[in-house]
Structures are given as C-alpha cells and as structure tokens.
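Reading the structure
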Amino acid sequence: MSIESLGQLESRLQNLIDKLELSRMEVEDLRSANTRLEEENIQLKQELTAWGERVTALLGKLDIITEEETSEQEAVA
C-alpha cells in the first residue's frame, strides 16, 4: 500500500468515526425526547382520566336532577 492509499483510508475512517459520533449524539437526543414525550403522555392520560371522572360525576348529578324533576311532575299531575 502506498502512503497515498493509507492517507485515503485514514480519511475515510475518520469520516466514518465522525458520522458514528454524530449518530450516537442524535440517538441520545432522540432517547431524551422520547422519555420526555412518554412522561407527557402519562400526564395527559391522567388528566384525561380525571376529566372523564368529572364529566361522569356531572352527568350523574344531571340524572339525579332529571329524576327529581320527573318525580315532581308526576306528583303534580
């Protein structure tokens, strides 16, 4: 192998190493973003559950009021 060939090989290897390092950093960034999004997803699911419970409770109260009004109307009639 000539010196020139070794220089080209070294240059190519260095380019590959640089690309690998950039890929590793990108993977780490994506993992961090994924973790953050998973945590946000959990929080949003909890909020959705809480809102669902509140809506269910309000609908229950509306049912009670409707039943009371129906009973009152039947008693008057």
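It should be noted that the structure appears before, not after, this text.
1. Quick notes on a nonpolar patch on the surface
Together, Leu-6, Leu-9, Leu-13, Leu-16 and Ile-17 make up an exposed nonpolar region whose accessible area comes to about 460 Å². One can find Ile-17 in helix α1 (residues 3-76).

2. Notes on the environment of Gln-43
Tracing the backbone shows Gln-43 in helix α1. Sequence spacing of Gln-43 and Val-27 is 16 residues, and the spatial spacing of their C-alpha atoms is 24 Å.

3. Focus on a negative patch on the surface
Taken together, the side chains of Asp-63, Glu-67, Glu-68, Glu-69 and Glu-72 make up a negatively charged region of the molecular surface. Checked against the element boundaries, Glu-68 lands in helix α1.

Rules of the game
Residues numbered from 1 in each chain as written. Predicted model: local features only at pLDDT ≥ 70, side-chain atom pairs only at ≥ 80, totals over all residues. Heavy atoms only, no water. Patch = residues over 30% accessible without salt bridge, like charges linked within 9 Å, V, L, I, M, F, W, Y side chains within 5 Å. Areas by Shrake-Rupley, 256 points an atom, 1.4 Å probe, with all protein chains shown as cover. Salt bridge = Lys/Arg side-chain N within 4 Å of Asp/Glu carboxyl O. Helix = DSSP H or I, 4+ residues; strand = E, 2+ residues; numbered from the N terminus. Lys, Arg positive; Asp, Glu negative; His and termini not counted. Charge placed at Lys NZ, Arg CZ, Asp CG, Glu CD.

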